[in-house]
Amino acid sequence: RAKAAGRDRWAVFDEEMREQAMRILDLEADLRRAINGDNFVAHYQPIVRLRDRAVIGHEALLRWRHPTRGLLLPGDFIGLGEDNGLIEEVDWLMYGQVIARLAQGGEGYISINVSPRHFRTVDFADRLLRMIDTAGADPRRLRIEITEVALLDDVSRALRTLRTLRDHGVLAQLDDFGTGYSALSYLHRFPIECLKIDRSFVAGLSDRTENESVAVVRAIQALAGTLGIHTIGEGIENEQQAAVLCDLGCEHGQGYLLGRPAEQMSGQSPAATPG
Ligand code: C2E
Ligand code: MG
Ligand code: MG
Ligand code: MG
């Protein structure tokens, strides 16, 4: 009897494993199919100057309009796409959309996210620049967001890619800063326009106590000051976080408080001061 129960448990476990494996395979098949269609959309989240809430740019965030599952977030499928290399194709569809949008005119920059593996491909910079050129977009209005891993794996290639892009006007910002290596000694070697302070630290700024998050943000600000570059606080959800960031010298911010990702870009004029 005990043995039978044990077997049943394994049977249930097997069944769950099988179902999960099927779900992943389904999603992978869906992803392959989706790449041929008009299924990926960019949502745009405003990046503002904290002092007066003027919109200075937007981050483009990938969304997948899945035929049955609705609007999927990157977290739902990017891991999968990274494993099988499909994410690079999805990324190019996304970048094409963003660049076409830029070519229509407007103000402010749009930043695109580039995964480390994608950033390391040999012709990344050339292909991006060609795309910008073909579309007739202003390269100075496009920025890339990369994480530290993308820099450190192959330093000389990363340098070459960043310099090529910068020489053509495309600046780079370091995403999720503070969560990676934060190997401070190397940062000055790279042409980086700004550091995006990871939202895990911003989350810790909800009160005015001198906690670890405050210490980390202070350190990042000191580093940025030394390098002469800007910072953007990510994931700002309340006024307190915005105020503490401002006090610590962070000029720019992004987060639900300041604007949610949406298909439409918000206006470039200073936003009405909330509440
Ligand atoms: P990320 O580049 O750090 O983007 C910021 C993420 O934080 C976005 O999640 C955004 O919706 C979310 N966020 C913004 N404000 C707030 C806030 O106030 N509170 C909270 N809790 N979250 C906030 P999303 O859109 O789900 O994207 C997740 C990640 O997927 C991005 O993190 C980025 O690493 C990656 N990603 C997004 N678009 C692309 C893309 O086109 N290509 C590639 N390769 N990766 C992308
Ligand atoms: Mg980003
Ligand atoms: Mg980020
Ligand atoms: Mg992030």
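Residues numbered from 1 in each chain as written. Chains lettered and ligands numbered in written order. Predicted model: local features only at pLDDT ≥ 70, side-chain atom pairs only at ≥ 80, totals over all residues. Heavy atoms only, no water.

## With respect to the overall build of the chain
Along the backbone of the chain there are eleven helices and nine strands. In terms of its C-alpha atoms, the chain occupies a principal-axis envelope of roughly 70 × 50 × 40 Å. The buried share of the chain, reckoned over its 275 residues, is 44%. Here the analysis covers contacts within the chain between residues at least 6 apart in sequence; of these, 70% occur between residues at least 24 apart. (Helix = DSSP H or I, 4+ residues; strand = E, 2+ residues; numbered from the N terminus. Buried < 20%, exposed > 50% of the residue type's maximum accessible area, 1.4 Å probe, protein only. Contact = heavy atoms within 4.5 Å.)

## Side note on the pattern of salt bridges
If you walk through the whole model with that rule in mind, you get 13 salt bridges. The salt bridge partner of Arg53 is Glu239, with a shortest N-O separation of 3.0 Å. Placement of Arg53 in the loop between strand E1 (40-49) and strand E2 (55-66) and of Glu239 in helix H11 (residues 239-247) is noted, with a sequence separation of 186 residues between them. You can call Glu239 partly exposed: its relative accessible area is 36%. The salt bridge involving Glu263 is made with Arg65; its shortest N-O contact spans 3.4 Å. Here the residue Glu263 occupies a position in the segment after strand E9 (252-253), and Arg65 occupies one in strand E2, the gap between them amounting to 198 residues. With a relative accessible area of 39%, Glu263 lands in the partly exposed category. Because the salt bridges share partners, they merge into one network encompassing Glu59, Glu145, Lys196 and Glu234. (Salt bridge = Lys/Arg side-chain N within 4 Å of Asp/Glu carboxyl O.)

## Section: the confidence of the model for the chain
Per-residue confidence for the chain gives a mean pLDDT of 89, with 91% of residues at or over 70. Ignoring residues within four places in sequence, the model shows residues 269-275, a span with pLDDT below 50, making nine contacts including any to other chains. What the predictor reports for the complex is a pTM of 0.90 with an ipTM of 0.98. (pLDDT = per-residue confidence, 0-100.)

## Considerations on the coordination of the magnesium ion (ligand 3)
Only Asp175 (OD), Asp176 (OD), Glu234 (OE) and Glu234 (OE) from the protein coordinate the magnesium ion (ligand 3), and they sit 2.0 to 2.6 Å from it. Written as a sequence motif, the donor residues of the magnesium ion (ligand 3) are D-D-x57-E. Here the magnesium ion (ligand 3) and the magnesium ion (ligand 2) are spaced 3.9 Å apart, linked through Asp175, which binds each one. A residue pair is termed long-range when its members are at least 10 positions apart, and Asp176 in strand E6 (residues 171-177) and Glu234 in the loop between strand E8 (230-233) and H11 qualify at 58 residues. Residue classification places Asp176 among the partly exposed residues on the basis of a relative accessible area of 28%. (Donors = N, O, S within 2.8 Å, 3.2 Å for Na, K, Ca; no water.)

## Examining the side chain of Thr161
In this fold, Thr161 is placed in helix H7 (residues 155-167). Setting aside residues no more than four positions away along its own chain, Thr161 makes contact with Phe119, Phe124 and Ala125.

## Some points on the site of ligand 1
Neighbouring ligand 1 are 22 residues, the closest being Arg63, Asp91, Asp175, Glu237 and Tyr256. With respect to ligand 1, the side chain of Asp175 contributes an N or O atom lying 2.8 Å from an oxygen atom. In the environment of ligand 1, an oxygen atom lies 2.8 Å from a nitrogen or oxygen atom belonging to the backbone of Tyr256. Coverage of ligand 1 by the protein chains reaches 83% of its 800 Å² of free accessible surface. Contributing elements (two or more residues each) for the shell around ligand 1: E2, helix H2 (74-84), helix H3 (86-103) and E6. Split into classes, the residues belonging to the shell around ligand 1 amount to eight nonpolar, five polar and nine charged. (Near = heavy atom within 4 Å. Polar contact = N/O pair within 3.5 Å; in protein donor to acceptor, adjacent residues only side chain to side chain. Areas by Shrake-Rupley, 256 points an atom, 1.4 Å probe, with all protein chains shown as cover. Nonpolar A, V, L, I, M, F, W, Y, C, P; charged D, E, K, R; others polar.)

## Focus on the pairing of E1
Burial within E1 is extensive, with nine of its ten residues counted as buried. Note that E1 and E2 share nine bridges and pair antiparallel. The residue of E2 that forms the bridge with Phe40 is Trp64. Linking E1 back to E2 in an antiparallel pair, the connection comprises five residues, with Arg53 at a positive phi of about 65°. (Pairing = 2+ DSSP bridges.)

## Let's talk about the packing of helix H5 (residues 124-135) against H7
Running from N to C, H5 and H7 cross one another at 20°; their axes reach a closest spacing of 9 Å. The angle between the axes of H5 and H7 places the two elements in the roughly parallel class. Relative to H7, H5 is oriented so that their crossing is right-handed. Note on element contacts: H7 touches H5 through Thr161, Thr164 and Leu165, opposite Phe124, Ala125, Asp126, Leu128 and Leu129. Classifying every residue of the contact of H5 with H7 by side-chain character gives five nonpolar, two polar and one charged. (Axes fitted to C-alpha atoms, helices over the stretch in contact; angles between N-to-C directions. Parallel < 35°, antiparallel > 145°, perpendicular 65-115°, else oblique. Left-handed = near helix turned anticlockwise from the far one by under 90°.)

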